[in-house]
Amino acid sequence: MEKKEFHAESKRLLEMMINSIYTKKEVFLRELISNASDAIDKIYYKSLTDDSLSFNKDDYYITITPNKDDRTLTISDTGIGMTKEELESNLGTIAKSGSLAFKKENEIKDGFDIIGQFGVGFYAAFMVAKKVTVLSKSLNSDDAYKWESSGIDGYTIEKSEKNNVGTDIILTLKENTDQDNYDEFLEEWRIKEIVKKYSDFIRYPIKMEVTKRKPKEEDSNEYVDYKEVETLNSMVPIWKKNKSELKDEDYENFYNEKHFGFDKPLKHLHIKVDGTIRYDAILYIPEMAPFNFYTTDYEKGLELYSNGVLIMEKCADLLPDHFSFVKGLVDSPDLSLNISREMLQQDRQLKVIAKNIKNKIKRELLNLLKNEREKYEKFYDAFGRVLKYGVYNDFGAHKEDLQDLIMFYSSKERKLVTLDEYVSRMPEEQKYIYYATGDSIERIEKLPQTELVADKGFEILYFTEDVDEFAIKMLMKYKDKEFKSVSDRNLGIESSDEKQQIEDEEKENKGLFEHMAKVLENKVKKVIASNRLKTHPVCLSTEGDITIEMEKVLNAMPNNQGVKADKVLEINTNHEVFQALKNAYINDKEKLELYTKLLFNQALLIEGLPIEDPVEFTNDMCKVMV
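Sequence order as written defines residue numbering, which begins from 1 separately in each chain. Selection of residues for local features in this predicted model requires a pLDDT of at least 70, selection of side-chain atom pairs for listing and counting requires 80 or more, and totals for whole chains, interfaces and linings are taken over all residues. Excluded from the side-chain calculations are hydrogens and water; all other atoms, namely the structure's heavy atoms, are used.

## Quick word on the overall build of the protein
In step 1: We count a stretch as a helix when DSSP gives it H or I for four or more residues in a row; a strand needs E for two or more, and each element gets its number in order from the N terminus. Of regular secondary structure, the protein possesses 19 helices and 23 strands.
In step 2: For 626 residues, the compact-globule estimate of 2.2 N^0.38 gives 25 Å, and the protein exceeds it by more than 25% at 36 Å.
In step 3: Each residue is placed in one exposure class: buried if its accessible area under a 1.4 Å probe, protein chains only, is under 20% of its type's maximum, exposed if it is over 50%, and partly exposed if it falls in between. Here the protein holds 626 residues, and the buried ones make up 50% of them.
In step 4: When contacts within the protein are restricted to residue pairs at least 6 apart in sequence, those whose partners lie at least 24 apart make up 69%.
In step 5: Method for areas: the Shrake-Rupley scheme with a 1.4 Å probe, in which residue coverage is limited to the protein chains shown. Accessible surface for the protein amounts to roughly 31300 Å². Of this, 45% is attributable to carbon and sulfur atoms.
In step 6: Note that His is not counted, nor are the chain ends; the positive residues are Lys and Arg, and the negative ones are Asp and Glu. To locate a charge, take NZ of a lysine, CZ of an arginine, CG of an aspartate or CD of a glutamate. The distance from the centre of the 93 positive side-chain charges to the centre of the 118 negative ones in the protein is 2 Å. In this treatment the radius of gyration is a C-alpha quantity, and the globule benchmark scales as 2.2 Å times the residue count to the 0.38 power. Here a residue-residue contact requires only that any non-hydrogen atoms of the pair lie within 4.5 Å.

## Quick word on the pairing of strand 4 (residues 129-137)
In step 1: Among the nine residues in strand 4, seven count as buried, and that is most of the element.
In step 2: In this analysis, strands are considered paired if DSSP registers two or more bridges between them. Note that strand 4 and strand 7 (residues 166-173) share eight bridges and pair antiparallel. Across the sheet, residue Lys 131 finds its bridge partner in strand 7, namely Thr 172.
In step 3: Examined bridge by bridge, strand 4 and strand 5 (residues 144-149) share six bridges and lie antiparallel to one another. For Ser 136, the partnering residue across the bridge sits in strand 5 and is Tyr 145.

## Details of the packing of helix 17 (residues 576-587) against helix 18 (residues 589-607)
In step 1: Interaxial angle, 0 to 180 degrees, is taken between N-to-C directions of lines fitted to C-alpha atoms, where a helix line uses only the stretch in contact. The N-to-C vectors of helix 17 and helix 18 enclose an angle of 145°; their axes lie 7 Å apart at closest approach. Residues Val 577, Ala 580, Leu 581, Ala 584, Tyr 585 and Asn 587 of helix 17 form the contact with helix 18, whose own contacting residues are Lys 589, Lys 591, Leu 592, Tyr 595 and Leu 599.
In step 2: Per-class residue counts for the contact of helix 17 with helix 18 are eight nonpolar, one polar and two charged. All amino acids are sorted into three groups, where Ala, Val, Leu, Ile, Met, Phe, Trp, Tyr, Cys and Pro are nonpolar, Asp, Glu, Lys and Arg are charged, and the leftover types, Gly among them, are polar.

## Some words on the side chain of Glu 505
In step 1: Structurally, the position occupied by Glu 505 is in helix 14 (residues 496-508).
In step 2: Summary of buried charges: Glu 505 has no salt-bridge partner, and the nearest side chain of opposite charge, Lys 582, is 8.2 Å away.
In step 3: A distance of 2.7 Å separates polar atoms of two side chains, one belonging to Glu 505 and the other to Thr 573.
In step 4: Once you skip the residues sitting within four places of it in the chain, Glu 505 turns out to touch Phe 513, Ala 529, Thr 573 and Asn 574. Any carboxyl oxygen of Asp or Glu within 4 Å of a side-chain nitrogen of Lys or Arg constitutes a salt bridge here. Polar contact criterion, stated in full: a pair of N or O atoms within 3.5 Å, where within protein one must be able to donate a hydrogen and the other to accept it, and residues adjacent in sequence count only if both atoms are side-chain atoms.

## Topic: the packing of aromatic side chains
In step 1: Aromatic pairing here means that ring centres of Phe, Tyr or Trp (its six-membered ring) are within 6.5 Å. Orientation follows from the plane angle: under 30 degrees is stacked, over 60 is edge-to-face, and everything else is tilted. In the structure shown here, the tally under the stated rule is 33 aromatic pairs.
In step 2: Consider the rings of Phe 323 and Phe 325, whose centres lie 6.0 Å apart with planes at 75°: the pair is edge-to-face.
In step 3: With relative accessibility at 1%, the residue Phe 323 sits in the buried group.
In step 4: The rings of Phe 293, Tyr 294, Tyr 298, Phe 323, Phe 325, Tyr 376, Phe 379, Tyr 380 and Phe 383 are connected pair by pair, giving a single aromatic cluster.
In step 5: Taking NZ or CZ as reference, Lys 207 lies 4.5 Å from the ring centre of Tyr 61, over its face.
In step 6: Criterion for a charge above a ring: Arg CZ or Lys NZ at most 6 Å from the ring centre, at most 35 degrees from the ring normal. Above the ring of Tyr 226, the side-chain terminus of Lys 214 is found at 5.1 Å from the ring centroid.

## With respect to the sheet that holds strand 4
In step 1: With respect to topology, nine strands assemble into an open sheet ordered 1-6-5-4-7-3-2-8-9, the strand pairing being mixed. The sheet is open, and its two edges are formed by strand 1 (3-4) and strand 9 (223-231), each paired on a single side.
In step 2: The pairing of strand 5 with strand 6 (residues 155-160) spans six bridges and is antiparallel. Counterpart to Ala 144 in the pairing with strand 6 is Ser 160.
In step 3: Of the strands in this sheet, strand 2 (62-67), strand 3 (72-77), strand 7 and strand 8 (206-215) touch helix 2 (residues 27-49), which is tilted by about 145° from strand 2.

In structure tokens, the structure reads:
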């Protein structure tokens, strides 16, 4: 029997495929099952135009047969089969696609589609097999033929015997090594696992004889093993069903089956798009964040299918980072896959799908916010941080998409509010959206800097997370209203009389403030009379873009660059402490220096900033006491 050589370029290609194209050896089974499904599809298409053919779906299936004694794995189908010429043409030349040619020759309709777009998937078998035997009988021939190859050195084709139309692919597995245990592909549990993972939604039954146990006799504690043929795949994916057929419970069960999370999803989206690019998707908005969600270990992405066959477990390109919490899958017949069917050749289709999905998620979240506020707040408690980071990320490129979804705690409402709700309540005379930053709501409520804004009756948003102020700085304004920190040097709410009073006090006490500023040289930019303090003696405000809270966040990062805000020490001239400062300035400069350092450290503590020298601070406290 003559051994034929693969085409010259095919030898190198086969070598590359076995060694590098596929990332996981287990995908060989996905490829062979997909090819078997294609072979059955081809009979279906022929039956549409050939009256002599009838297509009874029950007659068409795929069978997997492991044989541990011979160390062989057989994948059989009842599909169209191959003639001698087709065996040579489709299997003798790598990247020759019988499916693609068939697809071009036959009009695709009735919701069926050929999975295989490349003939190379068959050669994935050589990742696990030292010898591959293909026994096939074509629908168009009375003879059966056997194709056999042990790899790149070539193949043989000879006449053979086969009763039924279809194809058997028999893999003689490689010997086990220290690195690879090929026997695992003969284990029932492993085959089931691979089929469930990659080929669960192949439209034809994938059958295998499995071992089961039953009592030897009634009421007996002894069990015996028996064999039973079992269908391993679900066949009809939930996303291909009409929405009207499905209940919330069906979507929840699917969420649990796919192990998308241990929680119950807050919302699901079932998307069907028939346009230039066709796809189906089921997306879930989880109730709780995964334990590693806010760590570098978390991997975002949706499962990506092509015609019901899993291509990627986590396709990150389908979700923007700010919607990385979304779980689910996308199935499209229009993806351009590379020869391993594992990566996309071009991302145009993916970009269109991703853009559509992003808009659908945003719309669903806005609906949740509007119609199911309690649910949205539960979602926001888990994932609000990533939305706010999305506003800041990529230099604010996504802020328009996210500004209506973010919420902050309100000083007036005593609960989370949206920016739209805040602006809609603003008095006519209020120019800015005011906010205060701190570690907690309780600490912010005690901040001296909030007194003037609160006294004017204006609402304050409380920022308690490190990302909040960075996000707002990137947002800059909302509905033409700028954001203003209560610690900002100029709050824009002082009356002309109040401004004049402050100017007069600063002129009158210029020497005192300059002396205090000299004591605090390199620690504060200046010392001034405060117009914002009512009951507290002192506070810090800032000038410039860097606020005190931003300084704390930036300096807590691993690449601490010693960023400092331009601090201003504000003194309440109506507080009795100010009188003590004036007396010390006139009578005891040493005491003034002591008071100045104490007040500065007091202001630092109020802001949650560290004191430079705690020992000196405690000594200063003792000096005042004695």
